[in-house]
Amino acid sequence: AHQGLAERIRLILEYVGLKYNDNLITDRDEWFNKIKPSAALINPFINLPYLKDGETIVAESEAILVYVILKAGREDLLGRTNEQKVDIAQVRGVFGDFTKTTSILFMETIKMEEKALKTAKTYLGKLSTFLGNKNYTCGEITFVDFILAEFFDILGMMDKTLLEGFPNLKALTERIWGEERIK
């Protein structure tokens, strides 16, 4: 069961083996009137999801991923070489365009419309071509693989056939979700 942007954070936390408490905030009044105002005194960017580690509060899902990776001493997940770091930046850019474009097209329904499917397949094609025969986007696992796998899983819930033309993306998704460190 996915819980929005926090799911990719959970994946990384599990993968790097950091213990955490997963607190799902369901009370809007408590969030807006109590938690958010006090957290904003520490971090003005506070939003959901956020991470609290002692006195540190980190907002924005990607910043949280980087914080967790650094805390776990797994800088390799951010890319070992400059080439990998550039590849990650490219994939993140395409992924950002992909999600921005397709989310507008299927915001109101869980079923993807024809235009959204065509757009999704265009971006999936680009990502598939980039991945090629590699097991991971940079040849070895990085945080962007977790982001992609989580998103591809969500797309699969909307249209089970979407990844059928992209066996390497499907395999990447299965590889990430099959990681023994992820519960």
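Everything below is about the structure shown above.
Residues numbered from 1 in each chain as written. Predicted model: local features only at pLDDT ≥ 70, side-chain atom pairs only at ≥ 80, totals over all residues. Heavy atoms only, no water.

Participant: Even after reading the chapter, I still don't get the pattern of salt bridges, so can you show me in this structure?
Facilitator: Two side chains of opposite charge can pair, provided their charged atoms sit close to one another. Summed over the entire model, instances satisfying the criterion amount to nine salt bridges. For glutamate 150, the salt bridge is made with arginine 8, and the minimal N-O distance between the two is 3.1 Å. Taken together, the residues span a long stretch of sequence, with glutamate 150 in helix H6 (residues 143-158) and arginine 8 in helix H1 (residues 6-16) at a distance of 142 residues. With a relative accessible area of 1%, glutamate 150 lands in the buried category. Residue classification places arginine 8 among the buried residues on the basis of a relative accessible area of 10%. Across the pair arginine 80 and aspartate 76 runs a salt bridge whose closest N-O atoms are separated by 3.7 Å. (Salt bridge = Lys/Arg side-chain N within 4 Å of Asp/Glu carboxyl O. Helix = DSSP H or I, 4+ residues; strand = E, 2+ residues; numbered from the N terminus. Buried < 20%, exposed > 50% of the residue type's maximum accessible area, 1.4 Å probe, protein only.)

Participant: I'm lost on the pairing of strand S1 (residues 50-53) in this one. Help?
Facilitator: As a general feature of sheets, a regular strand has side chains that alternate between the two faces. The pairing of S1 with strand S2 (residues 56-59) spans four bridges and is antiparallel. The residue bridging aspartate 53 from the neighbouring strand is threonine 56, located in S2. Counted along the chain from S1 to the antiparallel partner S2, the turn is two residues long, and its residue glycine 54 has a positive phi close to 65 degrees. (Pairing = 2+ DSSP bridges.)

Participant: Just to check I follow, could you spell out helix H5 (residues 114-131) for this structure?
Facilitator: In an α-helix there are 3.6 residues to a turn, and that puts residues three or four apart on one side. Along its 18 residues, H5 runs 25 Å from first to last C-alpha, staying within 8% of the 26 Å computed at 1.5 Å per residue. Of the residues making up H5, those classed as buried are Ala116, Leu117, Thr119, Ala120, Tyr123, Leu124, Leu127, Ser128 and Leu131. Phi turns positive one or two residues past the end of H5, at glycine 132, with a value near 55 degrees. (Expected span 1.5 Å × (residues − 1).)

Participant: Any chance you could explain the nonpolar core here in plain terms?
Facilitator: Side chains of a nonpolar character, in soluble globular proteins, are inclined to be buried together. The biggest cluster of nonpolar side chains holds 43 residues, and the ones touching the most others in it are Phe98, Leu124 and Phe152. Those elements that provide at least two residues to this core are H1, helix H3 (61-71), helix H4 (82-106), H5, H6 and helix H7 (167-177). For this core, the element with the highest residue contribution is H6, accounting for nine residues. Other than its neighbours up to four places away in sequence, phenylalanine 152 contacts Phe98, Leu124, Leu127, Leu163, Leu169, Leu172 and Thr173. By size, the runner-up hydrophobic cluster in this structure holds five residues, among which are Trp31, Ile35, Ile46 and Ile57. (Core = buried A, V, L, I, M, F, W, Y, C linked by side-chain atoms within 4.5 Å. Contact = heavy atoms within 4.5 Å.)

Participant: Looking at this structure, I do not really get the packing of aromatic side chains. What am I missing?
Facilitator: Throughout the structure, instances matching the rule amount to five aromatic pairs. With centroids separated by 5.2 Å and ring planes inclined at 85 degrees, the aromatic side chains of phenylalanine 98 and phenylalanine 151 adopt a geometry described as edge-to-face. Note that phenylalanine 98 is positioned in helix H4 and phenylalanine 151 in helix H6, a separation of 53 residues in sequence. Through a chain of ring-to-ring contacts, three or more aromatic side chains come together here, namely Phe95, Phe98, Tyr123 and Phe151. For the cation-ring pair, arginine 175 lies above tyrosine 136, with the distance from its terminal atom to the ring centre recorded as 5.7 Å. (Phe/Tyr/Trp six-rings, centres within 6.5 Å; stacked < 30°, edge-to-face > 60°. Lys NZ or Arg CZ within 6 Å of the ring centre and 35° of its normal.)

Shape descriptors only; they carry no functional weight alone.
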